Amino acid sequence: MAKIKINIKDGTVKKSETVIGIDLGTTNSLVAFVNPDNRQPYCMSDQSSSIVPSIVHILPNQITVGEKAKPFLTTEPQNTVYSVKRLLGKSYQDVLPEKNQLGYQLHEDPINHLVNISINDKHHNPIEISSFILSHLKERAERILDEKISKAVITVPAYFNDSQRQATRDAGKLAGLDVLRIINEPTAASLAYGIGLNREESKTVAVYDLGGGTFDITLLNIENGVFEVLSTNGDTHIGGDDFDRALLIHWLNHHQLESIVIEENKNLYQTLRLLAEKAKKHLSSNPVFSETIEINQEVYTFTIDIETFNSIIQSILKKTIIACEQAIKDANIQLSEIHEVVMVGGSTRTPFVLSEVAKLFTFSKINNQIHPDEVVALGAAIEADILAGNRKDVFLLDVTPLSLGIETIGGLMDTIIPRNSKIPSKAGRQYTTSVDGQSQLKVSVYQGERDLVEDNRKLGEFILKNIPAMPAGLPKIDIQFFIDADGILKVEATELRSGVKQQIDIKPQYGLTDTEVENMLLSALKNAESDIKKRQLIETQSEAEQLIYQCNKLIYSNREVVEESEAVATISQIKKLQEAIQHQDEEAIKLEIERLNNLTRPFAERLMDHAIGNALKGKKIE
Ligand code: AMP
């Protein structure tokens, strides 16, 4: 399958390695590649299916992944891990609300506070469990292509933050894969439809992804082969499983079976839940479903027609439509500007989903021809093919969901890379010291929109040491932020006069969910006015503190120029300014700053003349 290159000069034959595309999903994962013979992407199937359930069964000396691990979900739930993607890059605190819904045990890593899974008294982290799924996919690809695979592109949801992306990359590494790039699932789905492959094309696309348990809507702008995420929205707890549950409740109500099914027989509940899923799938291509089941020696007929089913799922679907409307608003575009909609996820097979989506996006072409379970993996394979060097005309670009910056004097947030900046990206700014002879500078990196860092999220910190002794304000400290194509942040601080340098890669201890990002944005909006006031006060206070520092220096180290009466007046005015700082009264501080400036101006000028006079002594001026 691999492409063969022949070096014409020396006649050597070189097989170029296939780069695979992986959709590492919450419920299912897939692996795909581009066939070099016809440049078409294919998902790799074993036996009948291309889908590998993202389930891992763990015994002390045996790991089973995929379809074979599925039966253990009911027989050995404590050893069988599913939905591990929900835990990737998260702290134990982050996942506490979901803890009781999982069949396996979660633990907190005492050192980094990340979530761990404990099985047979052994702790496994989500990266390791994800790496088992990735190894399984890698082996499948090696078997089918009959070649060693070492490079991959892996997809992640558009709302995944640095830490979740880094965790995905680490899982790849652990599985023996060099992860050439982490790309967004909606970007991959668009690529599968060929959107963005033509460099001349300029388009806005909505990617509607409704799976079993999650829903995402992403708006993308594609220009000159560059993909930019305009906005994302969704709900990590809405999906086709809710359709099944709604139908089940409808049936239980109809037959007045609630008490029997839920309280007396949990197995029966599972049986009926599976029957509801079967009915839902049947209704995707038939008008009516009907099946009989015996419960407590009585025969019940479970029937559902398409109209009733649509009315049952209407309210769930409505939530996804509201999320779409919000995403359009956030992207600051009109419905009529969206050229295409890409349908992703198994639940988009329900015809009512399609018709409701089409009803909202009246102006857009709806793409649903590609298998909705495979579309992301197929797109990842296309990106893998591009990175393998087989297509040189496409780039991918995303944006940062929240602003990134550092803490400055008074606990203020100084944004270096604003929210919605395109990535990869690089930005920097120069800072200086506030005290004479300062030899260290702490660089604390934050993410968020609030003016005070205490309201934002800390990503990490480091100390720039060995700054040579210089008066305050003289060192030039350059701080650079780099975000690579995977959205991972590197921060570098350099004292430019001496070349002293320090750098960190930001791998936050835990990530933010899309809801948390949303909440952070909302709280920034809500508190904008009071934040501005606080910021102004802090800035005025630190200006005052700097002035006090300079004035003290002036009167104590220049006794030959400053008269005694001037020094006394200055000290008394400094006291007044200090009182105003203590009272946190911005107007009063400004007034006292002005008074102190007026008071010190005459002898500061005299001092300047004195210094110039000294400097010019003995020099001839022409
Ligand atoms: P995903 O998470 O993308 O694999 O989607 C899984 C969801 O798709 C589950 O809720 C399935 O019940 C649902 N699904 C699979 N096939 C169909 C179908 N033919 N009609 C409706 N829903 C389906």
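Values in this document were obtained by computation on a predicted structure and should not be read as measured data.

Asker: I'd like to hear about the overall build of the protein chain, residue by residue, with values.
Answerer: Along the backbone of the protein chain there are 15 helices and 31 strands. If you line up the protein chain on its principal axes, its C-alpha atoms span 110 × 75 × 55 Å. Taking all 622 residues of the protein chain together, the buried fraction comes to 51%. Contacts spanning at least 24 positions in sequence make up 64% of the contacts within the protein chain whose residues lie at least 6 apart. Accessible surface, the protein chain: about 30400 Å² in total, of which carbon and sulfur atoms supply 50%. Of note, the protein chain has its 67 positive side-chain charges centred 6 Å away from the centre of its 86 negative side-chain charges.

Asker: Report on the domain arrangement of the protein chain, specifying residues and quantitative values.
Answerer: Partitioning the protein chain into structural domains gives domain 1 (1–193 + 370–395), domain 2 (240–312), domain 3 (400–526) and domain 4 (529–613). For domain 2 and domain 4, the distance between their C-alpha centroids amounts to 78 Å.

Asker: Explain the environment of V561 residue by residue, including any values.
Answerer: Structurally, the position occupied by V561 is in the loop between helix 13 (528–557) and helix 14 (564–582). The exposure class assigned to V561 is buried, which follows from its relative accessible area of 11%. On a C-alpha basis, the gap between V561 and R606 in space is 7.2 Å, while along the polypeptide they are 45 residues apart. Not counting the four nearest positions on each side in its chain, V561 is found in contact with E566, F603, R606, L607 and H610.

Asker: Quick one: what's the story with the packing of helix 5 (residues 185–192) against helix 11 (residues 375–390), residue by residue and with numbers?
Answerer: Interaxial distance between helix 5 and helix 11 falls to 7 Å at its minimum, and their mutual angle equals 80°. In terms of orientation, helix 5 lies roughly perpendicular with respect to helix 11. On the side of helix 5, the interface is formed by E185, A188, A189, L191 and A192, while helix 11 contributes V375, V376, L378, G379, A380, I382 and E383. Within the contact of helix 5 with helix 11, the residues separate by chemical class into 9 nonpolar, 1 polar and 2 charged.

Asker: Which residues make up the pairing of strand 14 (residues 178–184), and what are the values?
Answerer: Buried residues dominate strand 14, accounting for 5 of its 7 residues. Where strand 13 (residues 151–156) meets strand 14, 6 bridges bridge the pair, whose relative direction is parallel. Looking at the pairing, V153 lines up with R181 of strand 14. Following the chain from strand 13 across helix 4 (residues 162–174) to the adjacent parallel strand 14, one finds a crossover that is right-handed.

Asker: Any chance you could break down the pattern of salt bridges for me, citing the residues and the numbers?
Answerer: Counted by the stated rule, this structure contains 27 salt bridges. Note that D373 is salt-bridged to R349, the shortest N-O span being 2.8 Å. Placement of D373 in the loop between strand 21 (365–367) and helix 11 and of R349 in the loop between strand 20 (340–344) and helix 10 (351–360) is noted, with a sequence separation of 24 residues between them. Residue class for D373 comes out buried when judged on its relative accessible area of 19%. On the accessibility criterion, R349 (39% relative accessible area) is partly exposed. What emerges from the salt-bridge pattern is a single network uniting E201, K203, E340 and K365.

Asker: Account for the sheet that holds strand 7 (residues 55–59), naming residues and giving values.
Answerer: Within a beta sheet, neighbouring strands are joined by backbone hydrogen bonds and run either parallel or antiparallel to one another. In space, the 3 strands of this open sheet follow the order 8-7-9, with antiparallel pairing throughout. Each edge of the open sheet carries a strand with a single partner, namely strand 8 (62–65) and strand 9 (80–82). Direction aside, neighbouring strands of the sheet carry axes that sit 20° apart on average. Examined bridge by bridge, strand 7 and strand 9 share 3 bridges and lie antiparallel to one another. Its bridge partner lying in strand 9, H57 is registered against T80. Sitting on the sheet, helix 3 (residues 126–145) touches strand 7, strand 8 and strand 9, and the angle it makes with strand 7 is about 110°.

Asker: Residue-level account of the nonpolar core, with values.
Answerer: In terms of nonpolar packing, the biggest core is built from 48 residues, with Y208, I217, W251, F302, I304 and F361 touching the most fellow members. Among the elements that take part in this core, helix 9 (residues 306–330) stands out by supplying 11 residues, more than any other. In this structure, I58, V84, I154 and L177 belong to the second largest nonpolar core, which totals 39 residues.

Procedures and definitions
Residues numbered from 1 in each chain as written. Predicted model: local features only at pLDDT ≥ 70, side-chain atom pairs only at ≥ 80, totals over all residues. Heavy atoms only, no water. Helix = DSSP H or I, 4+ residues; strand = E, 2+ residues; numbered from the N terminus. Buried < 20%, exposed > 50% of the residue type's maximum accessible area, 1.4 Å probe, protein only. Contact = heavy atoms within 4.5 Å. Areas by Shrake-Rupley, 256 points an atom, 1.4 Å probe, with all protein chains shown as cover. Lys, Arg positive; Asp, Glu negative; His and termini not counted. Charge placed at Lys NZ, Arg CZ, Asp CG, Glu CD. Domains from an automatic or database assignment. Axes fitted to C-alpha atoms, helices over the stretch in contact; angles between N-to-C directions. Parallel < 35°, antiparallel > 145°, perpendicular 65-115°, else oblique. Nonpolar A, V, L, I, M, F, W, Y, C, P; charged D, E, K, R; others polar. Pairing = 2+ DSSP bridges. Right-handed = clockwise from strand over helix to strand, strands pointing away. Salt bridge = Lys/Arg side-chain N within 4 Å of Asp/Glu carboxyl O. Core = buried A, V, L, I, M, F, W, Y, C linked by side-chain atoms within 4.5 Å.

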